[in-house]
Amino acid sequence: KTLAIVGCPFSGGQPKAGVDQGPIHLVQAGLIPQLEDLGWKVIFDGHHQFEEINVAQDPPIGILKNPRMVSKVTKAVAQVVGEHASKGQIPVTLGGDHSLAMGTISGTLSKYPDACVVWIDAHADINTSETTESGNIHGMPVSFLLGLGSKVEEFSWVKPLLKPEQLVYIGLRDVDAGEKKILRDNNIKAFSMHEVDKYGIGKVVEMALDHVNPNRDKPIHLSFDVDALDPTVAPSTGTPVRGGLTFREGHYICEAIYETGLLVALDLMEVNPSLENEESVKQTVAVGCSLLRSALGETLL
Ligand code: DIR
Ligand code: MN
Ligand code: MN
Ligand code: MN
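Residues numbered from 1 in each chain as written. Chains lettered and ligands numbered in written order. Predicted model: local features only at pLDDT ≥ 70, side-chain atom pairs only at ≥ 80, totals over all residues. Heavy atoms only, no water.

### Here's the deal with the packing of aromatic side chains
And step 1. One pass over the full model with this rule turns up one aromatic pair.
And step 2. On the basis of an interplanar angle of 55° and a centroid distance of 4.8 Å, the ring pair of Phe144 and Phe155 is categorised as tilted. Residue Phe144 is located in helix 5 (residues 141-146), and its partner Phe155 is located in the loop between helix 5 and strand 5 (167-172); the two are separated by 11 residues in the primary sequence. Residue Phe144 shares its accessibility class with Phe155, and that shared class is buried.
And step 3. Residue placement shows Lys1 over the ring face of Trp40; its charged tip is 3.9 Å from the ring centre. (Phe/Tyr/Trp six-rings, centres within 6.5 Å; stacked < 30°, edge-to-face > 60°. Helix = DSSP H or I, 4+ residues; strand = E, 2+ residues; numbered from the N terminus. Buried < 20%, exposed > 50% of the residue type's maximum accessible area, 1.4 Å probe, protein only. Lys NZ or Arg CZ within 6 Å of the ring centre and 35° of its normal.)

Right under this line is the structure:
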């Protein structure tokens, strides 16, 4: 029963400074003792120091921004997450922007090839180098993991280990036209906020798990982008979108995944403590810690 906190102060997958401070704030808010109180042994050897990854020149490739830096950092994260998973520990990766999930999920799949990914987000993060309009790589990690789009040499280390049927989304509400086509063409299961409204979160999580994990026997990687929550719940994030998950809906997802007993890796991404005011930051960091506790066994009764 051991967790490994993988603090990733990294912002290169998107343009707003500050998201690199997310992991530092989460740990400073007392995350580690909170998880220890749930009975976990928690390993934390400090936040990762990506400064040692030296990329002198990183001009765009096509319109992809900071491609060499993102590639090197996510590759290092894949290595670290894979090592913790190999030791039977649950890697808990704190972002940082969501491009990091290219690393975390690669690491998980290196140890558990049949793992499924439950991706909680306002966005699908599945643009390819052809479809991206922003060039921000945090909007692209899923396409790299699936091996979609034309190959970018810089990211050749990312093996297309994820199959579309191993992936499910909950919380989507800002999906680019090109991404909608990718979701349709590849038959990727997604529960947008429309389905959350229609069926309720309990039924949605059940349907999501029925899709990726029908016998409830496969390892689960939960990748949670805090912007899946409504901006009134988690305001300090780089790309907030109104109409998101309530506090309880977000927590319910985490609790339900924990209840399966199948969780092998967990990400919490896109907390940006430099956005909005002090109160917003406190609230967003607190809700981040709270989601992680729920995914790791905190119960209401
Ligand atoms: C948009 C926004 N689809 C993009 N993506 C965001 O830049 O590709 N992802 N914000 O988190
Ligand atoms: Mn995301
Ligand atoms: Mn997002
Ligand atoms: Mn958009």
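### Quick look at helix 3 (residues 67-86)
And step 1. An ideal rise of 1.5 Å per residue puts 28 Å on 20 residues; helix 3 measures up with 28 Å between its terminal C-alpha atoms.
And step 2. Residues of helix 3 that are buried: Pro67, Val70, Ser71, Val73, Thr74, Val77, Ala78, Val80, Val81, Gly82, His84 and Ala85.
And step 3. Looking at the buried residues of helix 3, the elements they touch are strand 1 (2-8), strand 3 (90-95) and helix 4 (101-111).
And step 4. Following helix 3 by one or two positions, Gly88 adopts a phi angle in the positive range, close to 80°. (Expected span 1.5 Å × (residues − 1). Contact = heavy atoms within 4.5 Å.)

### Brief notes about the coordination of the manganese ion (ligand 2)
And step 1. Protein coordination at the manganese ion (ligand 2): the donors are His98 (ND1), Asp121 (OD), Asp125 (OD) and Asp225 (OD), at 2.1 to 2.2 Å from the metal.
And step 2. In the primary structure, the donors to the manganese ion (ligand 2) are separated according to the pattern H-x22-D-x3-D-x99-D.
And step 3. The manganese ion (ligand 3) is placed at 3.3 Å from the manganese ion (ligand 2), the two being bridged by Asp121. Taken together, the residues Asp125 in the loop between strand 4 (116-120) and helix 5 and Asp225 in strand 7 (residues 220-225) connect sequence positions 100 residues apart. We note that Asp125, like Asp225, is buried. (Donors = N, O, S within 2.8 Å, 3.2 Å for Na, K, Ca; no water.)

### Some remarks on helix 10 (residues 278-295)
Two residues of an α-helix separated by three or four positions point the same way, owing to the 3.6 residues in each turn.
And step 1. When the terminal C-alpha atoms of helix 10 are compared, their 26 Å separation across 18 residues agrees well with the 26 Å that a helix rising 1.5 Å per residue should span.
And step 2. For helix 10, the buried fraction is high: 13 of the 18 residues fall into the buried class.
And step 3. Regarding helix 10, its N-cap is Asn277, as a side-chain oxygen of that residue lies 3.1 Å from the backbone nitrogen of Glu279 further along.
And step 4. Taken from the residues just after helix 10, Gly297 is the one with a positive phi, measuring 110°. (Polar contact = N/O pair within 3.5 Å; in protein donor to acceptor, adjacent residues only side chain to side chain.)

### Observations regarding the pairing of strand 8 (residues 263-269)
As a general feature of sheets, a regular strand has side chains that alternate between the two faces.
And step 1. For strand 8, a buried count of seven out of seven residues is recorded, marking the element as mostly surrounded by other parts of the structure.
And step 2. Of the pairings in the sheet, the one linking strand 3 to strand 8 comprises three bridges and is parallel in character. The partner of Leu94 across the bridge, within strand 8, is Leu268.
And step 3. Bridge count between strand 7 and strand 8: six bridges; the pairing is parallel. What sits directly across from Phe224, in strand 8, is Leu268.
And step 4. The parallel pair strand 7 and strand 8, bridged by helix 9 (residues 247-260), forms a crossover whose chirality is right-handed. (Pairing = 2+ DSSP bridges. Right-handed = clockwise from strand over helix to strand, strands pointing away.)

### Section: the site of ligand 1
And step 1. Neighbouring residues of ligand 1: His123, Asp125, Asn127, Ser134, His138, Gly139, Asp176, Glu179, Asp225 and Thr239.
And step 2. A distance of 2.8 Å separates a nitrogen atom of ligand 1 from a polar side-chain atom of Asp176.
And step 3. Relative to its unbound accessible area of 310 Å², ligand 1 is 91% covered by the protein chains.
And step 4. Partitioning the shell around ligand 1 into residue classes produces no nonpolar, six polar and four charged. (Near = heavy atom within 4 Å. Areas by Shrake-Rupley, 256 points an atom, 1.4 Å probe, with all protein chains shown as cover. Nonpolar A, V, L, I, M, F, W, Y, C, P; charged D, E, K, R; others polar.)

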